[in-house]
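Notes for the structure review
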Amino acid sequence: MESSELARRARWAYEKGRLARALPLGGYGVVLVLCAVVLRSSVGSGTLALGAVFTALLVGYGWRGGVLGRAVVPGVLGGVMPLLVPPLVVASGHVCASGCRAFCLLACVGGGVLAGLLITRASSASPVDERGRFVLAAGVLATLCGALTCVLYGVSGVIGLMTGLALASAPGLVLRRA
C-alpha cells in the first residue's frame, strides 16, 4: 500500500470518528426543536428550517472542535433562555394583540440579554484571542435556538433577541480586552 493511500485512509478514519462523536449533539437540537413545537401553538416551515440549521450547526461545531466545539454548550444553554421567554409570557396570561407587540419584543430582547451574559461569562475560559470567535459561534447557536419561539413575534422578535445578545456580550468582550 502506498504511503499516500495509507495517509488518506487514516485521515478518513479520523474524520469518521470525529463525526461519530459529534452526531449525538444533533439529538440535543432535535429535542429543543420538539420543545419549541410543543411550546408554540402554531409551527410553520420557518421554525422547522431554523431547527434544521440549528441541529446541523450543532453537529458541525462538534465535528470541527476547537473554539466551535467549546461554544456548543454555552450557545445551547444561552439559547434555552430566549427559547422559553415567549412561551412564559404567553403562559402568564399576556395576550399579544395587534398593538402590544412592544412588551413581547422586550421579552425577546430580555432573553437575548440573558443569553449574552451567559455566553460572555463562558468566554472568559477561552484565550483572549479566541473570545470573539467563541462569542460569535455561541451567539449564532443561541440566536437560532431562541428564534425557534421568538419568531412567534415575527422577524422583530428575532432581531430583538439578536440585539439583546449583542448588547450583553459586546461590553464584556471590550472590557476583557482592555
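The structure reproduced in this document is the subject of the present report. Remember, predicted model here, so these are calculated numbers, not experimental data.

1. Focus on the side chain of threonine 143
Tracing the backbone shows threonine 143 in helix 5 (residues 131-150). Filtering out sequence-adjacent residues up to four positions away, threonine 143 remains in contact with Leu161, Met162 and Leu165.

2. Quick notes on the packing of helix 2 (residues 45-64) against helix 3 (residues 66-91)
Remark: helix 2 packs on helix 3, axes separated minimally by 6 Å, with the N-to-C direction vectors making an angle of 140 degrees. Classified by the interaxial angle, the pair formed by helix 2 and helix 3 is oblique. Note on packing geometry: the crossing formed by helix 2 with helix 3 is left-handed. Residues Phe54, Leu58, Tyr61, Gly62 and Arg64 of helix 2 form the contact with helix 3, whose own contacting residues are Gly66, Leu68, Gly69, Val72 and Val76. Grouping the constituent residues of the contact of helix 2 with helix 3 by class yields six nonpolar, three polar and one charged.

3. A look at helix 2
Side chains three or four residues apart in an α-helix point the same way, a direct result of the helix having 3.6 residues per turn. Over its 20 residues, helix 2 runs 28 Å from end to end, which matches the ideal 28 Å to within 8%, given 1.5 Å per residue. For helix 2, the complete set of buried residues consists of Thr47, Gly51, Phe54, Thr55, Leu58, Val59, Tyr61 and Gly62. Looking straight down helix 2, one finds that the buried residues subtend no more than 165 degrees of arc, so they occupy a single side. Among the exposed residues of helix 2, those pointing more than 90 degrees away from its buried face are Ser45 and Arg64. If you follow the buried residues of helix 2, they end up packed against helix 1 (3-39), helix 3 and helix 5.

4. So, the pattern of salt bridges
Evaluation of the coordinates by the stated rule reveals six salt bridges. The partner of glutamate 5 in a salt bridge is arginine 9, and the shortest N-O contact between them spans 3.0 Å. Taken as a pair, glutamate 5 and arginine 9 lie in helix 1 at a separation of four residues, close to a single helical turn. Overall, the relative accessible area of 47% leaves arginine 9 in the partly exposed class. Note that arginine 18 is salt-bridged to glutamate 15, the shortest N-O span being 3.9 Å. Within this pair, arginine 18 and its partner glutamate 15 are both found in helix 1, separated by three residues, close to a single helical turn. For the pair formed by arginine 18 and glutamate 15, the shared burial category is buried.

5. Brief notes about the packing of helix 1 against helix 3
Each pair of packed helices can be described by the angle between their axes along with the distance between the axes. The N-to-C vectors of helix 1 and helix 3 enclose an angle of 5 degrees; their axes lie 11 Å apart at closest approach. Regarding the angle of helix 1 to helix 3, the classification is roughly parallel. Across the interface between the two elements, Leu25, Leu32, Ala36 and Leu39 of helix 1 pack against Val72, Val76, Val80, Leu83, Leu84 and Pro87 of helix 3. Taken together, the residues of the contact of helix 1 with helix 3 sort by class into 10 nonpolar, no polar and no charged.

About the cut-offs
Throughout this document, residue positions are counted from 1 along each chain, in the order its sequence is written. Per-residue local features of the predicted model are confined to residues with pLDDT of at least 70, and side-chain atom pairs are confined, for both listing and counting, to 80 or more; whole-chain, interface and lining totals are unaffected and use all residues. Heavy atoms throughout the structure, all of them, feed into the side-chain values; hydrogens and water do not. To qualify as a helix, a DSSP run of H or I must reach at least 4 residues; to qualify as a strand, a run of E must reach at least 2; elements of each kind are numbered from the N terminus. Here, two residues are considered to be in contact whenever any of their heavy atoms come within 4.5 Å of each other. A fitted line through C-alpha atoms represents every axis, and for helices the fit uses only the stretch in contact; the resulting angles, taken between N-to-C directions, go from 0 to 180 degrees. Orientation is classified from the angle alone, with under 35 degrees giving roughly parallel, over 145 giving roughly antiparallel, 65 to 115 giving roughly perpendicular, and any other angle giving oblique. The crossing is said to be left-handed when, going from far helix to near helix, the turn is anticlockwise and less than a right angle, and right-handed when the turn is clockwise. Residue polarity is assigned by list, with Asp, Glu, Lys and Arg as charged and Ala, Val, Leu, Ile, Met, Phe, Trp, Tyr, Cys and Pro as nonpolar; anything else, Gly included, falls into the polar class. Helix span, as expected, comes to 1.5 Å for every residue beyond the first. Remark: exposure states derive from per-residue accessible area (1.4 Å probe, protein chains only) relative to the maximum for the residue type, with buried under 20%, exposed over 50%, and partly exposed in between. By construction, the arc corresponds to the directions joining the helix axis to the C-beta atoms. Whenever Lys or Arg places a side-chain nitrogen within 4 Å of a carboxyl oxygen from Asp or Glu, that contact is recorded as a salt bridge.

In short, geometric facts, not functional conclusions.
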